[in-house]
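A structural walkthrough
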Amino acid sequence: MDATRPGLQAAVVRWLDQRFPFVESVNAELYRSVPNYATAWYRYLGAVAAMLIVVEFITGFLLGIYYVPDGAGNPAPAYASVNFIQHTVYLGWLIRGVHFWGANLLLVVVLMHMTLVFWNGGYRAPRELNWMVGVVIFLVIVLFSFTGSLLPWDANSYFARGRELSIASGVSVLPDSVSGAIKYLLQGGPLVGPSTLLRFFIAHVSLLPALLTLLLYLHFRIARWQGPSEPG
């Protein structure tokens, strides 16, 4: 065992503590008292969802190293890159599987979290603002699923997203001119094609992660400031 390691760790802690209250902040989190009712198992679902989001970010980054967001040609580079990840890249099948099933599990956990928060009255004043932030977080996670499911660029994802885009654009509900404009904007053209794939890819890896990170920061800061809600 390296005898200099404890001294190095102490030096790093002292260096950090001289520049901001590092030790004080850590001790405040480690020794923060919480009421007994806050230790119920369902109180940890929000933290489980946060951990799953971290897993999705990490596995998504690893998949993005090999993914090519190009839907032109036959076979398209997007489809070929997913096939390469699945069958050639070392443990690519595992990373893709964790990303896929993690996304499904995330939706289930978030729904359970929201249901139990609602059941226990955690949406009531003065926590209604954080409840609304949580609802927006859930909608962003749904958009993650919606945009990410097109990226494999196979027949199933292509035709399924075509139907969902028709629903999202308000076909048969809004006037044809309005729904047509929305659909054209989402697709990047009159039909689902390479422009649609590129738009979904940019939203999936850039816009939505940035938005979700901001919303999670607000959600956790408000929750920490207000403390755990009492059982309804």
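Above this text you will find the structure in question.
Here goes a summary of the coordinates provided. Residue numbering note: each chain is counted from 1, following its sequence as written. Under the rules for a predicted model, residues below a pLDDT of 70 receive no local features and side-chain atom pairs below 80 are neither given nor counted, while totals for whole chains, interfaces and linings still include all residues. Hydrogen atoms and water are omitted, and side-chain values are computed over all heavy atoms in the structure.

What to know about the side chain of R161
Positionally, R161 belongs in helix α7 (residues 155-168). On the accessibility criterion, R161 (9% relative accessible area) is buried. Pairs of N or O atoms are called polar contacts if they sit within 3.5 Å, as long as, within protein, a hydrogen donor faces a hydrogen acceptor (for residues adjacent in sequence, only side-chain-to-side-chain pairs). Polar contacts involving the side chain of R161 include one to the side chain of S149, which spans 2.9 Å. Excluding anything up to four places from it in sequence, R161 contacts F146, S149 and L150. In this description a helix means any DSSP run of H or I spanning at least four residues, a strand means any run of E spanning at least two, and both kinds are numbered starting from the N terminus. Relative accessibility decides the category of a residue: with a 1.4 Å probe and only protein chains considered, values under 20% of the type maximum give buried, values over 50% give exposed, and everything between is partly exposed. Residue contacts are defined here by distance: any two heavy atoms, one from each residue, within 4.5 Å place the two residues in contact.

Regarding unusual backbone geometry
Backbone torsion omega between N74 and P75 reads 0°, so that peptide bond is classified as cis. Structurally, P75 can be placed in the loop between α3 (45-64) and α4 (77-87). The omega torsion of the bond from A125 to P126 falls at 10°, within 30 degrees of zero and hence cis. Here P126 shows up in the loop between α5 (92-119) and α6 (128-148). A positive phi angle, close to 60°, is found at L91, a residue other than glycine. Mapped onto the secondary structure, L91 falls in the loop between α4 and α5. Despite not being glycine, W153 shows a phi value in the positive range, around 60°. Looking at the secondary structure, you find W153 in the loop between α6 and α7.

A word on the pattern of salt bridges
Note that side chains of opposite charge can pair when their charged atoms are close. Just to be clear on terms, a salt bridge is a Lys or Arg side-chain nitrogen sitting within 4 Å of an Asp or Glu carboxyl oxygen. Scanning all chains against the criterion turns up one salt bridge. The salt bridge partner of R161 is E164, with a shortest N-O separation of 2.6 Å. You can see R161 and its partner E164 sitting in helix α7, three residues apart, about one turn around the helix.

Brief notes about the nonpolar core
To qualify as a nonpolar core, a set must consist of buried Ala, Val, Leu, Ile, Met, Phe, Trp, Tyr and Cys residues joined through side-chain atoms within 4.5 Å. Counting 18 residues, the largest nonpolar core has I53, L106, V110, I137, V140, I141 and L212 as the members making the most contacts within it. Elements with a minimum of two residues in this core: α3, α5, α6 and α9 (194-226). Look past the residues within four positions of I53 in its chain and what remains in contact with it is L106, I141, L212 and L216. In this structure, A78, F146, W153 and F201 belong to the second largest nonpolar core, which totals 13 residues.

Points about the packing of α4 against α5
In the contact formed by α4 and α5, the axes pass within 5 Å of each other and the chain directions differ by 110°. Of the possible angle classes, the one that applies to α4 and α5 is roughly perpendicular. Here V82, I85 and Q86 of α4 lie close against α5, whose contacting residues are G92, W93 and R96. Just so you know the grouping, Ala, Val, Leu, Ile, Met, Phe, Trp, Tyr, Cys and Pro go in nonpolar, Asp, Glu, Lys and Arg go in charged, and all remaining residues, Gly too, go in polar. For the contact of α4 with α5, the residue count by class is three nonpolar, two polar and one charged. With axes taken as lines fitted to C-alpha atoms, and helix axes fitted only over the stretch in contact, angles between N-to-C directions fall between 0 and 180 degrees. Orientation categories follow fixed angle ranges, with anything under 35 degrees roughly parallel, anything over 145 roughly antiparallel, 65 to 115 roughly perpendicular, and all other angles oblique.

Some thoughts on the packing of aromatic side chains
Pairing of aromatic rings covers Phe, Tyr and the six-membered ring of Trp, with a centre-to-centre limit of 6.5 Å; geometry is then stacked below 30 degrees between planes, edge-to-face above 60, and tilted otherwise. For the structure on display, the rule yields ten aromatic pairs. Ring centres 6.1 Å apart and planes at 55° place the aromatic pair Y123 and W131 in the tilted group. For the ring pair Y158 and F159, a centre distance of 5.2 Å and an interplane angle of 90° mean the geometry is edge-to-face. The class of Y158 is partly exposed, set by a relative accessible area of 28%. Among the aromatic residues, ring-to-ring pairing joins F118, Y123 and W131 into one connected group.

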